[in-house]
Amino acid sequence: MADEATMPGPGRAALDGLDPRLPLHARLREVLVARVESGEWTPARPLPAETALAEYYEVALGTMRRVLGELVEQGLLERRHGSGTFVRRAKLDSSLFRFFRYGDPRSGTPAGRILSFDRAALPATAAEALGEPPGAASLHLHRLRLRDDEPVLVEDIWLPLPRFAVLADHHQDDLGDLLYPAYERHCGIVVASAEEILTVGTANAGDALLLRCRRSDPVVFIERTARTHDGTAVEWRRSVGRAADFRYRIEIR
């Protein structure tokens, strides 16, 4: 566990400096959320023990447990049995494959084959999603996802610079099949949430070649904007898969 004595911050003074009309637990929650959003705590290291945090902020242990429990329910934190409480990282890398029928989804994450990885100007759609001006500097990854050597998705991924500049110094093989752990490992960027928009169209020549279909065949486009805990958009990706292999299932109660 992290040593509370080494933690920066004014302790109780941080709570007293907020609007006194707010209940104590609300002020405590605001302070803890700010520390998560600042990146001070990460998914790789547990938060200090509840007792240490309660002592540091001079609040009752029950108050600290209540606030941490609320942050767990909100999805900002997660408890790992026997290890402690951690900042939650989104488990998004496999989410696309609940839509596409390629073998057994329990067999693991499809392999990622990066076809190109270079600096490029942000196209208008990606720029709008990322809150950047069109043509701004970015890193562009063009990637093919496969399962048992069968193409599943073609992906174009846009990462704004200079936030991801350190990735340009790494070989593409260092990124691995799952990109979000690579963002965290190399750039200290934790993806916490994402929004996906699904549309239907026809394959262009490049996508048809990679997906082994005809140019006129229907395909599903999935546009994803990924965000950090403070809501900052840090990645935009466009994934394309054959419509014939697509299914959508939702359970309504």
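Before any of the text, the structure's been laid out above.
About the criteria used
Numbers given for residues are sequential positions, taken from 1 along each chain in its written order. With pLDDT at 70 or above as the cut-off, local features in this predicted model cover only qualifying residues; side-chain atom pairs require 80 or more to be listed or tallied, and sums for whole chains, interfaces and linings still use all residues. Side-chain numbers here rest on the full set of heavy atoms in the structure, without hydrogens or water. Only runs of H or I of at least four residues qualify as helices and only runs of E of at least two qualify as strands under DSSP, and these elements are numbered from the N terminus. Any residue under 20% of the maximum accessible area for its type is buried, any over 50% is exposed, and the rest in between are partly exposed; the area is computed with a 1.4 Å probe on protein chains only. Two N or O atoms count as a polar contact when they lie within 3.5 Å, although within protein this holds only if one can serve as hydrogen donor and the other as acceptor, and sequence-adjacent residues are included solely when both atoms are side-chain atoms. An expected span of 1.5 Å times one less than the residue number is assigned to each helix. Contact definition: two residues touch when any of their heavy atoms are within 4.5 Å. Working definition: a ring pair exists when centres of Phe, Tyr or Trp rings (six-membered ring for Trp) sit within 6.5 Å. Plane angles under 30 degrees give stacked, over 60 give edge-to-face, the rest tilted. Any Lys NZ or Arg CZ that is within 6 Å of a ring centre and within 35 degrees of that ring's normal is treated as a charge sitting over the ring. A fitted line through C-alpha atoms serves as each axis, taken over the contacting stretch for helices, and the angle formed by two N-to-C directions is quoted from 0 to 180°. Roughly parallel refers to an angle under 35 degrees, roughly antiparallel to one over 145, roughly perpendicular to one between 65 and 115, and oblique to any angle outside these ranges. Each crossing is labelled by how the near helix is turned from the far one, with a counterclockwise turn of less than a right angle marking it left-handed and a clockwise turn marking it right-handed. When residues are grouped by polarity, Ala, Val, Leu, Ile, Met, Phe, Trp, Tyr, Cys and Pro land in nonpolar, Asp, Glu, Lys and Arg in charged, and all others, Gly among them, in polar. Within this scheme, the nonpolar core is defined by two criteria: the residues are buried Ala, Val, Leu, Ile, Met, Phe, Trp, Tyr or Cys, and they are joined through side-chain atoms within 4.5 Å.

Caption draft 1: The side chain of Arg-224, seen in detail. Take Arg-224: it is sitting in strand S7 (residues 218-227). Judged by relative accessible area, which is 1%, Arg-224 ranks as buried. Among the polar contacts listed, one links the side chain of Arg-224 to the side chain of Glu-196, at a separation of 2.7 Å.

Caption draft 2: The arrangement of helix H2 (residues 24-37) in detail. With 14 residues, H2 extends 20 Å between its outermost C-alpha atoms, agreeing within 8% with the 20 Å of an ideal straight helix rising 1.5 Å per residue. Residues of H2 that are buried: Arg-27, Leu-28, Val-31, Leu-32, Val-33, Arg-35 and Val-36. Buried residues along H2 sit in contact with helix H1 (12-16), helix H3 (50-57), helix H4 (61-74), strand S1 (77-80) and strand S2 (84-87). Immediately beyond the C-terminal end of H2, within one or two residues, lies Gly-39, with a positive phi of roughly 85°.

Caption draft 3: How the structure looks around the packing of aromatic side chains. A full pass over the atoms with the stated rule returns three aromatic pairs. A centroid spacing of 5.0 Å and a plane angle of 70° characterise the contact between Phe-164 and Tyr-183, whose relative ring orientation is edge-to-face. Taken as a pair, Phe-164 in the loop between strand S5 (150-160) and helix H6 (179-187) and Tyr-183 in helix H6 lie far apart in primary sequence, 19 residues in all. Residue Phe-164 is classed as buried on the basis of its relative accessible area of 0%. A residue is classified by how much of its surface remains accessible, and Tyr-183, at 1% relative accessible area, is buried. Joined through ring pairs, the aromatic side chains of Phe-164, Tyr-180 and Tyr-183 make up one cluster. Over the ring of Phe-86 we find Arg-80; its NZ or CZ atom is 3.8 Å from the centre of that ring.

Caption draft 4: Spotlight on H3. Here H3 has its buried residues at Ala-52, Leu-53, Ala-54, Tyr-56 and Tyr-57. Next to the buried residues of H3 lie H1, H2 and H4. Positive backbone phi, at 55°, marks Glu-58, one or two positions downstream of H3.

Caption draft 5: The side chain of Arg-35, seen in detail. Tracing the sequence through the fold places Arg-35 in helix H2. Arg-35 sits in the buried class, given a relative accessible area of 6%. A distance of 2.6 Å separates the side chain of Arg-35 from the side chain of Tyr-57, its partner in a polar contact.

Caption draft 6: Just unusual backbone geometry, in detail. Of note, the amide linkage connecting Leu-161 to Pro-162 takes the cis form, showing an omega dihedral of 10°. Looking at the secondary structure, you find Pro-162 in the loop between S5 and H6. Of note, the phi angle at Asp-148 is positive, near 55°, even though the residue is not glycine. Topologically, Asp-148 is positioned in the loop between strand S4 (137-147) and S5. Although it is not a glycine, Arg-212 adopts a positive phi angle of roughly 60°. Looking at where Arg-212 falls in the secondary structure, it is placed in the loop between helix H7 (205-211) and S7.

Caption draft 7: Here's a closer look at the packing of H3 against H4. Where H3 meets H4, the closest approach of the two axes is 9 Å, and the angle between their N-to-C directions is 115°. Regarding the angle of H3 to H4, the classification is roughly perpendicular. H3 and H4 meet at a crossing whose hand is right-handed. Contact residues: Glu-50, Thr-51, Leu-53, Ala-54 and Tyr-57 in H3; Leu-61, Met-64, Arg-65 and Leu-68 in H4. Class assignment of the residues belonging to the contact of H3 with H4 gives a composition of six nonpolar, one polar and two charged.

Caption draft 8: How the structure looks around the nonpolar core. Membership of the largest hydrophobic core comes to 20 residues, with the highest contact counts inside it found for Leu-28, Leu-32, Tyr-57 and Met-64. For this core, the elements supplying multiple residues, two or more each, are H2, H3 and H4. A per-element tally of this core places H2 first, with five residues. For Met-64, the residues in contact, after removing those within four places along its chain, are Leu-28, Leu-32, Glu-50, Leu-53, Ala-54, Tyr-57 and Val-59. Of all hydrophobic cores here, the second largest spans 18 residues; its members include Leu-139, Ile-157, Leu-179 and Val-191.

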